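A look at the structure
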Amino acid sequence: MHYTITLLPGDGIGPEIIAEARKVLEVVTRHSGHSITFQEGLIGGIAIDERGNPLPDETLEMCRRSDAVLLAAVGGPRWSDPRAEVRPEQGLLKIRKELGLFANLRPVRVIPALISSSPLRPEVVEGVDLVIVRELTGGLYFGQPQGREQTPEGRGAVDTLRYNEREIERLMRVAFNLARGRRRKLTSVDKANVLATSRLWREVAHEVASDYPDVAYEDVLVDACAMYLIRRPADFDVIATENMFGDILSDEASMLTGSLGMLPSASLGENRPALFEPIHGSAPDIAGKGIANPLATILSAAMLLRLGLGLDREADIVERAAEAVLAAGHRTADLAAPGQPTVSTRAMGDLVVEACEKEFANA
Ligand code: NAD
């Protein structure tokens, strides 16, 4: 098969880490018999500088014409003036909306070699392997009306929380299908004891659940879920929830591993292309130093292979390779214990490429 992948390096450490992910995708193509054409587009601060627009039309068109999109990160102090009308993050919101990316998947897996990086006790986080499926284009972040208003009591403001059954159903189907390929357990998170949208969420979730009798289903209230994620995180398999609950719970869950530089994500719509990106930002404090951890972007590339292109075997190989490099003791600065030797961004990419070569040779 031949695929076209759009790379969006963005700002800060973006160009450094995406170069390493590209090397890994290239080694996959050399060994798998598939070929990939890469194209690069502008997004974020650099796109503002060069085109006056955080998501130029040409970038969007390039993405639409590709099979999958790999994004690094956008933003930085140069573009963070709160009075600025044009901001890098607008590019991010726009690309999600334009590509109809309604489901955000964030896997959180505690890698045995990094268990000591977690702020929680090893016996609590051991075996954690969960995915949060967050609704990304509805709910409180998009509902209208939204804004300021004058009230008899002075300044007021309003946000609107609205969901319809189509938005809930399509998100739940993504989550159930994902659970089927995993441990077949799904937790739907809501606040049905208080919110009307959550009661609709629960009703529709139950209807969808009846199509998946092979998946163990449970409802959990969001406040309880926040607690269980710390108390017994290894019990979860797939967690499905609406936009704002997912925003908060996925950040909480990502901290179970303690290492921001390790966590990938995928945003899926009904059609191709899907978008894959690390969960961290553009890390301007270390940009240009060659010390950023490229693994979250490399693991995002693995998700791209699996969920974007349907290449499960190749995705497994990249994930196993990254884990083997860590198990062998190699660490970028963000992962290293005090006094432990570190490798550069590029050296980490080379090590993963080498480990992939070995995996392919043994496969
Ligand atoms: P950040 O994730 O960029 O950085 C937080 C801390 O983690 C920093 O100390 C950074 O050096 C470190 N870090 C992050 N990724 C790392 C990596 N791969 N390797 C080693 N260390 C890493 O968050 P921030 O500092 O709050 O934000 C910086 C900029 O990124 C801001 O402009 C913000 O708006 C933007 N941002 C973008 C995205 C995105 O593009 N999806 C997400 C979050 C933040």
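Below: a short report on this structure.

Criteria and cut-off values
Residues numbered from 1 in each chain as written. Predicted model: local features only at pLDDT ≥ 70, side-chain atom pairs only at ≥ 80, totals over all residues. Heavy atoms only, no water. Helix = DSSP H or I, 4+ residues; strand = E, 2+ residues; numbered from the N terminus. Rg over C-alpha atoms; globule rule 2.2 N^0.38 Å. Buried < 20%, exposed > 50% of the residue type's maximum accessible area, 1.4 Å probe, protein only. Areas by Shrake-Rupley, 256 points an atom, 1.4 Å probe, with all protein chains shown as cover. Lys, Arg positive; Asp, Glu negative; His and termini not counted. Charge placed at Lys NZ, Arg CZ, Asp CG, Glu CD. Expected span 1.5 Å × (residues − 1). Arc of directions from axis to C-beta. Polar contact = N/O pair within 3.5 Å; in protein donor to acceptor, adjacent residues only side chain to side chain. 1 Å grid on protein atoms, 1.4 Å probe; cavity = no way out; pocket = protein on both sides within 12 Å on 5 of 7 lines; lining within 4 Å. Points joined across faces, edges and corners; volume = space filled by probe spheres on them. Nonpolar A, V, L, I, M, F, W, Y, C, P; charged D, E, K, R; others polar. Domains from an automatic or database assignment. Phe/Tyr/Trp six-rings, centres within 6.5 Å; stacked < 30°, edge-to-face > 60°. Lys NZ or Arg CZ within 6 Å of the ring centre and 35° of its normal.

**Remarks on the overall build of the chain**
Counting its secondary structure elements, the chain contains 12 helices and 12 strands. By the compact-globule yardstick of 21 Å for 363 residues, the chain fits well, its C-alpha radius of gyration being 21 Å. With the C-alpha coordinates of the chain rotated into their principal frame, the extents come out at 65 × 50 × 45 Å. Relative to its full complement of 363 residues, the chain shows a buried share of 53%. Total accessible area on the chain stands at roughly 16,000 Å², and carbon and sulfur atoms take up 51% of it. For the chain, the distance from the average site of its 40 positive side-chain charges to the average site of its 52 negative ones is 1 Å.

**Comments concerning helix 9 (residues 243-254)**
Over its 12 residues, helix 9 extends 16 Å from the first C-alpha to the last, a length consistent with the 16 Å expected when each residue adds 1.5 Å. For helix 9, the complete set of buried residues consists of Asn243, Phe245, Gly246, Leu249, Ser250, Ala253 and Ser254. Along helix 9, the residues classed as buried sweep out an arc of 145° about the axis, all on the same side. The N-terminus of helix 9 is capped by Glu242, whose side-chain oxygen sits 2.8 Å from the backbone nitrogen of Met244.

**Observations concerning the layout of surface pockets**
Over the atoms, a rolling probe the size of a water molecule traces out where space has been left empty. A volume near 570 Å³ is recorded for the largest pocket. Forming the walls of the largest pocket are 23 residues, and the residues nearest its centre are Pro107, Arg109, Asp129, Arg182 and Glu319. Those elements that provide at least two residues to the lining of the largest pocket are strand 4 (103-109), strand 5 (129-135) and helix 10 (295-308). When the residues that make up the lining of the largest pocket are grouped by side-chain class, the tally is 15 nonpolar, three polar and five charged. Both domains that meet at the lining of the largest pocket, namely domain 1 (1-103 + 263-363) and domain 2 (119-257), each give it at least three residues. Every residue lining the second largest pocket is counted, 23 residues in all, and those nearest its centre are Leu92, Arg96, Arg106, Arg134 and Glu277. Contributing elements (two or more residues each) for the lining of the second largest pocket: strand 3 (68-73), helix 4 (88-98), strand 4, helix 9 and strand 12 (274-278). Here the lining of the second largest pocket gets four residues from one element, more than from any other, and that element is helix 4.

**Considering the packing of aromatic side chains**
Throughout the structure, instances matching the rule amount to three aromatic pairs. Between the aromatic rings of Tyr163 and Trp201, the centroid separation amounts to 5.6 Å while the plane-to-plane angle is 75°, which identifies the pairing as edge-to-face. Separated by 38 residues along the polypeptide, Tyr163 in the loop between strand 7 (154-160) and helix 6 (165-180) and Trp201 in helix 7 (residues 196-209) bring together distant segments of the chain. Here Trp201 falls in the buried class, since its relative accessible area comes to 2%. Pairing Phe176 with Tyr217 gives two aromatic rings, centres 5.9 Å apart and planes at 20°, and the pair type is stacked. You can see Phe176 sitting in helix 6 and its partner Tyr217 sitting in strand 9 (residues 216-221), a full 41 residues away along the chain. Geometry around Tyr228 places Arg232 over its ring, the cationic atom sitting 4.1 Å from the centre.

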